[in-house]
Amino acid sequence: MNEQIVARHWLAHIAPKAAPALATSTVLILARIWNANGAEHSVGNAVLMTALSLAAAAAGACASVGRAGDPVIAGTAFAASSALAFAGVAGYADGLPLPLLLWSVATAGAYGLAARYWRRDRRDRVAFERHVSDRREERAHIERVETIRGTTQVEVARTGAAYAESLAQALTARAMLPGFDPGALESAGLPELPERRDAA
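Note that the structure is predicted; figures quoted are calculated from it, not measured.

A.B. asks: Can you break down the overall build of the protein residue by residue, with the values?
C.D. replies: What the protein contains, in helices and strands, is six helices and zero strands. For the protein, the N- to C-terminal ordering of α and β elements is α-α-α-α-α-α. Here the protein, with 200 residues, has 14% of them falling under the buried criterion. Counting only contacts in the protein whose residues sit at least 6 apart along the sequence, the fraction spanning at least 24 positions is 67%. Of the roughly 14800 Å² that the protein leaves accessible, carbon and sulfur atoms contribute 66%.

In structure tokens:
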């Protein structure tokens with residue numbers, strides 16, 4: 001009944017699918033810019049990126065420990081650790097073959113992880129749409145039943161009113177006939193006619 005009438009733009013459909021490739025490509029580009037500005041064979045930069053990557057991995061491990069661990073924080077921390085490790089290798093390495101290989105592996109891994117969440121999101125969306133459809137059908141059924149019930153009650157009342165009007169007309173016509181004796185009706189146990197009561 002309340003159907004969505006606004007169509008989503010095609011970019012809104014493509015953007016989530018392109019996000020993993022854009023993220024890994026951005027890291028690769030920034031790492032190569034960093035390489036061109038002096039990161040190549042810099043021991044200090046390699047130590048810094050290794051320390052940052054290990055710290056992010058440790059944060060992810062701490063966030064995922066125990067039953068009350070937060071999977072969102074853990075996933076974010078592990079993603080940051082992987083991105084820092086990828087950026088460190090891409091910034092430190094000579095040439096492009098190794099960074100491109102790492103970029104392809106990181107992109108495939110990102111799509112593999114994202115596909116799992118996309119499937120779950122699709123299942124949740126389908127379940128929600130089914131639930132909404134079931135609720136709409138249930139509401140429509142209730143509305144139909146109530147409409148039928150209301151129409152039946154109106155028809156019964158209309159039929160009753162028509163019967164009462166016909167009975168009143170018949171009694172009035174009978175009372176006008178010559179030789180009509182209201183006392184005979186009363187002696188037979190029928191209720192007294194209004195005219196007789198008013199005359200009394």
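A.B. asks: Break down the pattern of salt bridges for me, with residues and values.
C.D. replies: Under the counting rule described, the total for this entry stands at three salt bridges. Notably, a salt bridge pairs Arg125 with Asp121, separated by 3.6 Å at the nearest N-O pair. Residue Arg125 and its partner Asp121 are located together in helix H4 (residues 97–176), separated by four residues, close to a single helical turn. Given the relative accessible area of 41%, Arg125 is considered partly exposed. By relative accessible area, which is 45% here, Asp121 ends up partly exposed.

A.B. asks: Before we move on, could you go through the packing of aromatic side chains and cite the residues and values that matter?
C.D. replies: Under the counting rule described, the total for this entry stands at one aromatic pair. An angle of 65° between the planes, with centres 6.2 Å apart, marks the rings of Tyr111 and Trp118 as edge-to-face. By relative accessible area, Tyr111 is classed as partly exposed at 28%. Across the ring face of Tyr117, the terminal group of Arg116 is positioned such that the distance to the ring centre comes to 5.3 Å.

A.B. asks: How would you explain the layout of surface pockets if you had to name every residue and give the values?
C.D. replies: Considering only enclosed or pocket space, the largest pocket measures out at about 660 Å³ in volume. Along the walls of the largest pocket sit 21 residues, with Gly75, Ala79, Gly109, Ala110 and Leu113 positioned nearest its centre. Here the residues of the lining of the largest pocket sort into 15 nonpolar, five polar and one charged.

A.B. asks: Give me the packing of helix H3 (residues 71–92) against H4: which residues, what numbers.
C.D. replies: The geometry of H3 relative to H4 is characterised by a closest axis approach of 8 Å and an angle of 160° between their N-to-C directions. Classed by the angle they form, the pair H3 and H4 counts as roughly antiparallel. For the crossing formed where H3 meets H4, the hand is left-handed. Residues Phe86, Val89 and Ala90 of H3 lie in contact with H4, whose contacting residues are Leu98, Pro99, Leu102 and Trp103. Tallied by class, the residues present in the contact of H3 with H4 amount to seven nonpolar, no polar and no charged.

A.B. asks: I'd like a rundown of a positive patch on the surface, residues and numbers included.
C.D. replies: A grouping of Lys17, Arg116, Arg119, Arg120, Arg122 and Arg123 is seen on the molecular surface, where their side chains present a positively charged patch. For the positive patch, the leading source of residues is H4, giving five residues. In this structure, Arg122 sits in helix H4.

A.B. asks: Give a detailed account of the side chain of Thr107, specifying residues and quantitative values.
C.D. replies: Tracing the chain through its elements places Thr107 in helix H4. A relative accessible area of 10% places Thr107 in the buried class. Within the structure, the side chain of Thr107 is placed 2.8 Å from the side chain of Thr24, a separation counted as a polar contact. Among the polar contacts listed, one links the side chain of Thr107 to the backbone oxygen of Trp103, at a separation of 2.7 Å.

A.B. asks: So, H4: which residues are in play, and what are the values?
C.D. replies: Here H4 spans 116 Å end to end across 80 residues, near enough to the 118 Å set by a 1.5 Å rise per residue. Three or more residues of H4 are buried, namely Pro99, Thr107, Ala114 and Ala140.

A.B. asks: How would you sum up the nonpolar core? Please name residues and give values.
C.D. replies: If you look at the biggest cluster of nonpolar residues, it comprises six residues: Leu28, Ala31, Met49, Phe86, Ala87 and Ala90. Broken down by secondary-structure element, the contributors of at least two residues to this core are helix H1 (10–39) and H3. When residues in this core are grouped by element, the largest group, three residues, is from H3. When near neighbours in sequence (up to four residues on either side) are disregarded, Ala31 contacts Ala87, Ala90 and Gly91.

Each value, and the rule that gives it
Residues numbered from 1 in each chain as written. Predicted model: local features only at pLDDT ≥ 70, side-chain atom pairs only at ≥ 80, totals over all residues. Heavy atoms only, no water. Helix = DSSP H or I, 4+ residues; strand = E, 2+ residues; numbered from the N terminus. Buried < 20%, exposed > 50% of the residue type's maximum accessible area, 1.4 Å probe, protein only. Contact = heavy atoms within 4.5 Å. Areas by Shrake-Rupley, 256 points an atom, 1.4 Å probe, with all protein chains shown as cover. Salt bridge = Lys/Arg side-chain N within 4 Å of Asp/Glu carboxyl O. Phe/Tyr/Trp six-rings, centres within 6.5 Å; stacked < 30°, edge-to-face > 60°. Lys NZ or Arg CZ within 6 Å of the ring centre and 35° of its normal. 1 Å grid on protein atoms, 1.4 Å probe; cavity = no way out; pocket = protein on both sides within 12 Å on 5 of 7 lines; lining within 4 Å. Points joined across faces, edges and corners; volume = space filled by probe spheres on them. Nonpolar A, V, L, I, M, F, W, Y, C, P; charged D, E, K, R; others polar. Axes fitted to C-alpha atoms, helices over the stretch in contact; angles between N-to-C directions. Parallel < 35°, antiparallel > 145°, perpendicular 65-115°, else oblique. Left-handed = near helix turned anticlockwise from the far one by under 90°. Patch = residues over 30% accessible without salt bridge, like charges linked within 9 Å, V, L, I, M, F, W, Y side chains within 5 Å. Lys, Arg positive; Asp, Glu negative; His and termini not counted. Charge placed at Lys NZ, Arg CZ, Asp CG, Glu CD. Polar contact = N/O pair within 3.5 Å; in protein donor to acceptor, adjacent residues only side chain to side chain. Expected span 1.5 Å × (residues − 1). Core = buried A, V, L, I, M, F, W, Y, C linked by side-chain atoms within 4.5 Å.

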